[in-house]
Amino acid sequence: MLRYTIRRLAQLVLVVFVLSMLLFGWLRMLPGGPVSALLGDRATPEARAQLESQLGLDQPIWVQYGKFLLRAFTGDFGTSTGVERGAPALEVFLTRFPATIELSLFALLLAVAVGIPLGYLAARRRGGWWDNISITWSLVGVAVPVFFLAFLLKFVFAVQLGVLPASGRQDTGIQATHVTGFYILDGLLTREWDASWNAFVHLILPAIALSTIPFAVIFRITRAAVLDVLDEDYVRTARAKGLSAMVIRGRHVLHNAMLPVVTTIGLQTGALLAGAVLTERVFNIAGIGQAVAVGFERKDFPVLQVVILAAAMVYVLVNLLVDLSYALIDPRLRAR
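This section reports on the structure supplied with the text. (Residues numbered from 1 in each chain as written. Predicted model: local features only at pLDDT ≥ 70, side-chain atom pairs only at ≥ 80, totals over all residues. Heavy atoms only, no water.)

A word on the pattern of salt bridges
Then, in step 1: Under the criterion given, the structure shown has 4 salt bridges.
Then, in step 2: Salt-bridge contacts for Arg96 lead to Glu84; the nearest nitrogen and oxygen are separated by 3.5 Å. Of the two residues, Arg96 sits in helix H5 (residues 89-124) while Glu84 sits in the loop between helix H4 (61-73) and H5, which places them 12 residues apart along the sequence.
Then, in step 3: Assessed through its relative accessible area of 10%, Arg96 is described here as buried.
Then, in step 4: Notably, a salt bridge pairs Arg169 with Glu102, separated by 2.9 Å at the nearest N-O pair. In this pair, Arg169 sits in the loop between helix H7 (146-160) and helix H8 (183-189) while Glu102 sits in helix H5, placing the two residues 67 residues apart along the sequence. Comparing Arg169 with Glu102 shows no difference in burial state: the two are buried. (Salt bridge = Lys/Arg side-chain N within 4 Å of Asp/Glu carboxyl O. Helix = DSSP H or I, 4+ residues; strand = E, 2+ residues; numbered from the N terminus. Buried < 20%, exposed > 50% of the residue type's maximum accessible area, 1.4 Å probe, protein only.)

Some words on the side chain of Asp186
Then, in step 1: Within the element layout of this structure, Asp186 appears in helix H8.
Then, in step 2: It turns out Asp186 is buried and unbridged, and the closest side chain with the opposite charge, Arg169, is 6.7 Å from it.
Then, in step 3: The residues touching Asp186, leaving out its near neighbours within four places in the chain, are Thr177, His178, Val179, Thr180 and Gly181. (Lys, Arg positive; Asp, Glu negative; His and termini not counted. Contact = heavy atoms within 4.5 Å.)

Here's the deal with the packing of aromatic side chains
Then, in step 1: Throughout the structure, instances matching the rule amount to 6 aromatic pairs.
Then, in step 2: Clustering of aromatic rings is evident, with ring pairs tying together Phe106, Trp197 and Phe200.
Then, in step 3: Above the plane of the ring of Phe283 lies Lys154, whose end atom (NZ or CZ) is 6.0 Å from the centre.
Then, in step 4: Geometry around Tyr183 places Arg169 over its ring, the cationic atom sitting 3.7 Å from the centre. (Phe/Tyr/Trp six-rings, centres within 6.5 Å; stacked < 30°, edge-to-face > 60°. Lys NZ or Arg CZ within 6 Å of the ring centre and 35° of its normal.)

What follows is the structure in structure tokens.
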């Protein structure tokens, strides 16, 4: 297991290195560049040349990349030019990151908690009314765009019915103490139960909107995997031996059907981070998705660098955890 983990960590370092090269090259090829973002499009050639010299943009590209790597290792990505003008880009990211992680985790838990049991039940009742209704509902979840569903939920439950908040992470007048930036956790740590409940209520609509696509994918993969396993010889043998239904479900069906489901959950984590861009805009949540949207609008390259690189690293880390969970579920993979 240790050798397997070290091999995966070495691959992770290589992937992050390649990602840093792609990100550096892509940002340098964007129209305008950091000089236009700082000086505007009407800057004189002399002013542009002076700023390019100050930023080191007149140096060879490999020198610029080396300096970019050194600054990245020390957490120096420059200062924001649009999202929070003048603030360090890393600080902008760190203050917004908990909001996106809290939203994404809640949405993922919702998708897993509903998708896996429904997928299993649909497979057990293949062809029945429950199976047909579940498949239809999952198709709706995939087909409806996240931003449209977010607007629809907001209009019905926040504007028309008024039972849930329409925007933000907490009510402005609640005066909550923030320790970690994760508002629900902060309320639990400081025993401000009303603040924790208020943050939870604010998460319901955005999390439902964000979880629809992961739910639909996890549901369908679980259903297909369970159907495959139910037809295996070892399941029929277990039934013939008289094992209880609970033992067959837990040890022989769900255990062997989980590998593709775990893969799907890891891949959907990246989709959640992408979907958070739209969801945070609709519900006015100050997360990294909103920072990316504003960063593109205002050409805030320092913030874009740190947000995109960090989001990619989170995605890679999640896939590392998925690989390690493979080894725990199926020990044969450790020897490959």
